[in-house]
Amino acid sequence: MIDAYDGRFSRRRAFGLLTAAAATLGGCGAYPSTASPSTTSAQRPAAQDTDGDDPRIGPDEAWHMLEAGNARFIDGTPQHPHSDSSWRNSLIDEQHPIASILSCADSRVPPELVFDQGFGDLFTIRSAGEVLDEAVLGSLEYGVEHLDTPLVVVLGHSGCGAVQATIDAVRGDAQPRGHVAALVQAVEPAVLTVSDDLGEDEFLAASVNEQARRVAEALPARSSSIRRAVEQDRIQIVVAVYDLATGRVERKL
Ligand SMILES: [Zn+2]
C-alpha cells in the first residue's frame, strides 16, 4: 500500500528544512530537521517543483491524502499519525494543515479520525448541518488565506440530525426551539429542493447531499477571498459525505 502518511511526513520535513534554510538567511522558519538536503529535494511534491521554492502540496494531492487516510480508517489500520509529543512540539510556532474541513458537529463524524490525520493536519470547523454563519465563513477564510490550505472540504454525513430536524419541521412534525430554529432555517432550502417522491431514507440522504452541495456553492458566493482563491486555482472546494455505517467518505463533487 502506498503510504500517504509517510509521504506527507517527508514533505513536512522538506518544508521544515526549507523554512529552516530561510531562517538561516534571515527568514522566520521554525522547523528543526536533520534530513539531508538531497532527501529534501527528492521528496518535494512534483506539482510544485517547477518554480523551485514552493513546498506546498496541491489540492489533488491533499485529497489523495485524505482518501488514503479514510481507507486506513475503514480497513481498521489507522496510523494515528502526527500525534506524538515531538510532532506536537514542532507545531508550536506554525501550522501547515493540508485541508480546511467544514463538517457537521455530529459526535460520530470527527474529521481527524475519519481521515486518519493528526495534530496540525486539518483546519477543522464544525457546525450542525455544516450551516454557515459569519464565524464559520471567517474561519474558513482564515484557513484559505492565512494557512494556505489547498483544499476545502464540506463534509456532510448520513443520518444527519440537523437535516432530519429540518425535514421534520418542513413536514410540520416537530418545530425546533431556541437557536436550533436558526439551523433549521438555514438547512430548509436544501430540503425543499429535494423531490418528496423519495422514500424516507432516500429523502434524508438526498437532503444531506444537497445541503453539503449548497454550502460548498455558497462559499465562493459569500466570501470574496475564497472566490478569489478558486479563481486563481489556489484551492479546490470538495463536497463529500461520510457514511456512519461503513466509515467511508464519498466525494460527491
Ligand atoms: Zn449532522
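Since we're looking at a predicted model, the values are computed, not measured.

Can you walk me through the overall build of the chain in this structure?
The secondary structure content of the chain amounts to 10 helices and 5 strands. The buried share among the 253 residues of the chain stands at 44%. Contacts spanning at least 24 positions in sequence make up 67% of the contacts within the chain whose residues lie at least 6 apart. Of the roughly 12,500 Å² of accessible surface on the chain, a fraction of 52% belongs to carbon and sulfur atoms.

In this structure, what is going on with the sheet that holds strand S3 (residues 151-157)? I would like to understand it.
Strand-to-strand pairing in sheets goes through backbone hydrogen bonds, with the strands running parallel or antiparallel. Overall, mixed pairing links the 5 strands, which are arranged S2-S1-S3-S4-S5 in an open sheet. Of all the strands in the sheet, the pair left with one neighbour each is strand S2 (122-126) and strand S5 (249-251). Direction aside, the axes of adjacent strands within the sheet are offset by 25 degrees on average. Note: strand S1 (residues 99-103) against S3, 4 bridges, orientation parallel. What sits directly across from Ser100, in S3, is Val152.

Hey, could you run me through the packing of aromatic side chains in this one?
Centre distance and the angle of the planes are the two values used to describe a pair of aromatic rings. Per the stated rule, a full pass over the model turns up 1 aromatic pair. Judged by centre distance (6.0 Å) and plane angle (35 degrees), the rings of Phe123 and Tyr142 are tilted. Taken together, the residues span a long stretch of sequence, with Phe123 in strand S2 and Tyr142 in helix H6 (residues 134-145) at a distance of 19 residues. The partly exposed category is assigned to Tyr142, whose relative accessible area is 40%. In this structure, Arg171 packs its charged tip against the face of Phe203, placed 5.0 Å from the ring centre. Here the basic side chain of Arg251 rests over the ring of Trp63, its NZ or CZ set 5.3 Å away from the ring centre.

Looking at this model, I keep getting lost on the coordination of the zinc ion. Mind explaining?
Ideal values for angles at a metal depend on the geometry: 109.5 degrees with four tetrahedral donors, 90 or 180 degrees with six octahedral donors. Protein-derived coordination of the zinc ion comes from Cys104 (SG), His157 (NE2) and Cys160 (SG), at a distance range of 2.1 to 2.3 Å. Expressed as a motif, the donor residue spacing for the zinc ion is C-x52-H-x2-C.

I would appreciate a short explanation of the side chain of Glu130 in the present structure.
On the secondary structure map, Glu130 appears in the loop between S2 and H6. For Glu130, the contacting residues outside a window of four places in its chain are Leu102, Ser103, Cys104, Val154, Leu155, Gly156, Gln211, Ala212 and Val215.

What exactly am I supposed to notice about the environment of Pro110 here?
Structurally, Pro110 is set in the loop between S1 and helix H5 (111-114). Taking the C-alpha atoms as reference points, Pro110 and Thr124, 14 residues apart in sequence, are found 9.4 Å from one another.

Which parts of the structure should I look at to understand H6?
Note that an α-helix has 3.6 residues per turn; residues three or four places apart therefore point the same way. Look at H6: 16 Å from first C-alpha to last across 12 residues, which is about the 16 Å you get at 1.5 Å a residue. For H6, every residue scored as buried is listed here: Val136, Leu137, Leu140, Gly143 and Val144. Seen end-on, H6 carries its buried residues on one side only, within an arc spanning 120 degrees. Facing away from the buried surface of H6 by more than 90 degrees, the exposed residues are Glu134 and Ala135. Contact partners of the buried residues in H6: S1, S2, S3, helix H9 (200-222) and helix H10 (224-231). Of the residues that open H6, the one with a side-chain oxygen 3.0 Å from the backbone nitrogen of Ala135 is Asp133.

In this structure, what is going on with the packing of helix H7 (residues 161-170) against H9? I would like to understand it.
Two packed helices can be described by the angle between their axes and the distance between those axes. Axis separation between H7 and H9 bottoms out at 10 Å; the angle between their running directions is 115 degrees. Handedness of the H7/H9 crossing: right-handed. Only Phe203, Leu204, Ser207 and Val208 of H9 make contact with H7, whose side of the interface consists of Val163, Gln164 and Ile167. When grouped by side-chain class, the residues that make up the contact of H7 with H9 number 5 nonpolar, 2 polar and no charged.

The rules we used
Residues numbered from 1 in each chain as written. Predicted model: local features only at pLDDT ≥ 70, side-chain atom pairs only at ≥ 80, totals over all residues. Heavy atoms only, no water. Helix = DSSP H or I, 4+ residues; strand = E, 2+ residues; numbered from the N terminus. Buried < 20%, exposed > 50% of the residue type's maximum accessible area, 1.4 Å probe, protein only. Contact = heavy atoms within 4.5 Å. Areas by Shrake-Rupley, 256 points an atom, 1.4 Å probe, with all protein chains shown as cover. Pairing = 2+ DSSP bridges. Axes fitted to C-alpha atoms, helices over the stretch in contact; angles between N-to-C directions. Phe/Tyr/Trp six-rings, centres within 6.5 Å; stacked < 30°, edge-to-face > 60°. Lys NZ or Arg CZ within 6 Å of the ring centre and 35° of its normal. Donors = N, O, S within 2.8 Å, 3.2 Å for Na, K, Ca; no water. Expected span 1.5 Å × (residues − 1). Arc of directions from axis to C-beta. Polar contact = N/O pair within 3.5 Å; in protein donor to acceptor, adjacent residues only side chain to side chain. Left-handed = near helix turned anticlockwise from the far one by under 90°. Nonpolar A, V, L, I, M, F, W, Y, C, P; charged D, E, K, R; others polar.

The analysis is restricted to geometry; functional conclusions fall outside its scope.
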